[in-house]
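Geometric and topological summary
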Amino acid sequence: MFRLILFVLSPIFVFVTLPGNSVADSDTKSYTTLRFAYDASSFISFQPDMNPLTERFSVCIWIRKLQSGTQSPFGYYSTEIFMTDNGYYNRLFSSSSLDSTLTSKFTTPMGTWFNYCSTWSLASRTFKVYVNGVLAGSQTTPSGRRLQTGGALVLGSMRARSGHHFGGEMLNFNMFSKELTATEVATISSGGHCTTEIPEQLEEYRVIKWEEILKLSRSGAVQDFIDPICKLDVALSSLNKTQTELTNVQGLFNSTQEELVAVRGELGTTEGELNETKLELEETKLELKNVTESSLLKRNMTKWDIFYSPTYYNKNFTGPLYQQLRASWDSISSKLFGVTMTDTAITLMKNVDGDQSCGDE
């Protein structure tokens, strides 16, 4: 019937921090953009472990083209993997079968962000190119051909100091040890270039990570840049998350208030039941007293026979019992102090009372 409700509302501290320009800031690492100067000496070159990618891989990147013509945002082992920001080149294993065939799919205006993904696996033998989450083209690769290891991965150019330098901005370059499905590619693209999280189910496959690339040494003029739109998106996302949390807390608070009202109602009902029980107990006591007195009269019992009741029998006669009896008894009661109410004592009191009665007559 009774319920104990403990409800603790912990204070909610909300911090909405607009990102700065430091890569070291963990809150900005995922949407920090790299801006490459338009020259052959501005790039990032490193030699990652490509072994997890030899039989299957996917590469995704956000690109903002800032120069007209044909520029290469990245390349691996020269043309082992190679693409340009206008779609003219999309090569895997140096194959030229897609050259110049996909330019009509790379229609994003200069200065506007677009998403590029390419996928492949040894099992499917199919190299697929996606632009903004939509399949742009594909090619079949040679049977048994695997991705070579030991080469340099270069961002900002096809290869170090190449004529295909970039001169634009890139964001969230990641490589996965998985041939992403069309749905997974669309999910990455639909999040927008300010998306700071990789879909949870894909995180375990992410081998080359953007936040690690940001820590690498750079050649030439490669600068960190925070897109103001991303700053606003992050701030709005934080505010929306906080609003959702506050709404949830308010709902919990309202629910708890309703439960407290219900408990108060139950307590009031219980108090009423207790009062009713007390009244019934008093009535029962009175009824028992009446029944006892009636029984004594019907059996022609004397006043001494009451000592056979549980209240007195084999009990020490005390002051409170004396006060209880004196209203109806004479001074004989004062002689009972210290006497244990046994059958012999009660019989004796009867006899004494009888002798006194005779004397009074």
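It should be noted that the structure appears before, not after, this text.
Given the structure is predicted, the values throughout are model-derived calculations rather than measurements. Counting from 1, residues in each chain are numbered in the order their sequence is written. Restriction of local features to residues with pLDDT of at least 70 applies here, the model being predicted, together with a cutoff of 80 or more for giving and counting side-chain atom pairs; totals for whole chains, interfaces and linings are based on all residues. Working from all heavy atoms in the structure, the side-chain values ignore hydrogens and water.

1. Here we look at the nonpolar core
- Only buried residues count toward a nonpolar core, which is a set of Ala, Val, Leu, Ile, Met, Phe, Trp, Tyr and Cys residues joined through side-chain atoms within 4.5 Å. Only protein chains enter the accessibility calculation, which uses a 1.4 Å probe. A residue is then buried if its area is under 20% of the maximum for its type, exposed if over 50%, and partly exposed in between. One finds Phe57, Phe74, Tyr116, Leu147, Phe173, Met175 and Ile208 to be the most contacted residues of the largest nonpolar core, which totals 42 residues.
- The helix count covers DSSP runs of H or I at least four residues long, the strand count covers runs of E at least two residues long, and both are numbered beginning at the N terminus. Of all the elements, strand E3 (residues 56-64) adds the most residues to this core, at 5 residues.
- Any two residues whose heavy atoms approach within 4.5 Å at even a single point are treated as in contact. Each residue touching Tyr116, except ones within four places of it in the same chain, is listed here: Val59, Cys60, Ile61, Ile63, Phe74, Met83, Asn90, Phe106, Phe127, Val129 and Tyr130.
- Within the second largest apolar cluster, 8 residues are counted, among which are Cys117, Phe176, Ile188 and Leu202.

2. With respect to the sheet that holds strand E10 (residues 153-155)
- Taken together, 5 strands build an open sheet; the order of strands is E2-E10-E4-E5-E6 and the sheet is antiparallel. Among the strands making up the open sheet, the edge pair consists of strand E2 (44-46) and strand E6 (90-92). Neighbour-to-neighbour, the strand axes of this sheet turn through a mean angle of 10 degrees, independent of strand direction.
- Where E2 and E10 come together, 3 bridges link them in antiparallel fashion. The partner of Ser45 across the bridge, within E10, is Val154. Note on pairing: two strands pair once DSSP finds at least 2 bridges between them. Here the axes come from fitting lines to C-alpha atoms, over the contacting stretch only for helices, and the angles between their N-to-C directions go from 0 to 180 degrees.

3. What about the pairing of strand E9 (residues 134-140)?
- Where strand E8 (residues 126-131) and E9 come together, 6 bridges link them in antiparallel fashion. Across the sheet, Val129 pairs through a bridge with Gly137, a residue of E9.
- Here E8 hands over to E9 after 2 residues, with Asn132 in that stretch at a positive phi of 50 degrees.

The analysis is restricted to geometry; functional conclusions fall outside its scope.
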